[in-house]
Amino acid sequence: QVQLAESGGGLVQAGGSLRLACAASGRTFSIFGMGWFRQAPGKEREFVAAISWIGSSTNYADSVKGRFTISRDNAKNTMYLQMNYLRPEDTADYYCAASRFSGSSYAVKGYEYWGQGTQVTVSS
């Protein structure tokens, strides 16, 4: 129904920046909200940021507030995550998610569609 594809991951030194992108295709008209999650080895998938497709309402995890910025371009069906002042603890696989119901949910269960992930590695 909805396909998501992340891009933009890579290796960066602490203090550096990366911009992730998530391109949505398929039945994109059904998307109500989108978000970013990350998962490090041995840890649970955790919320990073979310944005509503209507009104641009946003929600951020405390660990990334002031450093990460989520945005979207409805015309391009693309969501972005600008990550600045990266820290080694930001190292993880980052996943794009979309929901038919939630505008800016911080819960994994609030999303029905998921991308395959893109790896972000921050070295010290």
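Residues numbered from 1 in each chain as written. Predicted model: local features only at pLDDT ≥ 70, side-chain atom pairs only at ≥ 80, totals over all residues. Heavy atoms only, no water.

**Some details on the state of the cysteines**
As a reminder, the rule being used: Our working definition of a disulfide is a cysteine sulfur pair at a distance within 2.5 Å. Going along the chain from the N terminus, every DSSP run of H or I of four or more residues is numbered as a helix, and every run of E of two or more is numbered as a strand. Relative accessibility under 20% of the residue-type maximum defines a buried residue, over 50% an exposed one, and the middle range a partly exposed one, all with a 1.4 Å probe and only protein chains included.
Throughout the structure, instances matching the rule amount to 1 disulfide. Two residues share a disulfide in this structure: Cys22 and Cys96, whose sulfurs sit 1.8 Å from each other. For the disulfide bridge between Cys22 and Cys96, the dihedral angle about the S-S bond is near -70°, and by the sign convention the bridge is left-handed. Of this pair, Cys22 sits in strand β3 (residues 18-26) while Cys96 is found in strand β9 (residues 92-99), placing the two residues 74 residues apart along the sequence. Comparing Cys22 with Cys96 shows no difference in burial state: the two are buried.

**What to know about the pattern of salt bridges**
Rule in force here: Salt bridge, as applied in this entry: a Lys or Arg side-chain nitrogen positioned within 4 Å of an Asp or Glu carboxyl oxygen.
Under the defined criterion, the tally for this structure stands at 5 salt bridges. Salt-bridge contacts for Asp90 lead to Arg38; the nearest nitrogen and oxygen are separated by 2.9 Å. Of the two residues, Asp90 sits in the loop between β8 (78-83) and β9 while Arg38 sits in strand β4 (residues 33-39), which places them 52 residues apart along the sequence. Taking the shortest distance from any N to any O, the salt bridge between Asp90 and Arg67 comes out at 2.8 Å. Taken together, the residues span a long stretch of sequence, with Asp90 in the loop between β8 and β9 and Arg67 in the loop between β6 (58-60) and β7 (68-73) at a distance of 23 residues. On the accessibility criterion, Arg67 (7% relative accessible area) is buried.

**Description of the pairing of β3**
For clarity, the threshold we go by: What makes two strands pair is DSSP finding at least two bridges between them.
Direction of pairing for strand β1 (residues 2-7) relative to β3: antiparallel, over a ladder of 6 bridges. Within the sheet, the bridge partner assigned to Ala5 lies in β3 and is Ala23. The sheet contact formed by β3 and β8 spans 6 bridges and is antiparallel. Looking at β8, one finds that Ala21 is bridged to Tyr80.

**Let's talk about the sheet that holds β7**
Applied cut-off: All axes are obtained by fitting lines to C-alpha atoms, using only the stretch in contact for helices, and the reported angles, taken between N-to-C directions, cover 0 to 180 degrees.
Ordered by their spatial adjacency, 4 strands build an open sheet running β1-β3-β8-β7, and the pairing between neighbours is antiparallel. Two strands in the sheet have a free side with no partner beyond their single neighbour: β1 and β7. Going from strand to strand, the sheet's axes swing by 15° on average, the running direction of each strand aside. Two strands pair when backbone bridges link them, and β7 and β8 are joined in this way by 6 bridges, in the antiparallel orientation. Each bridged residue has a counterpart across the sheet, and for Ile70 the counterpart in β8 is Leu81.

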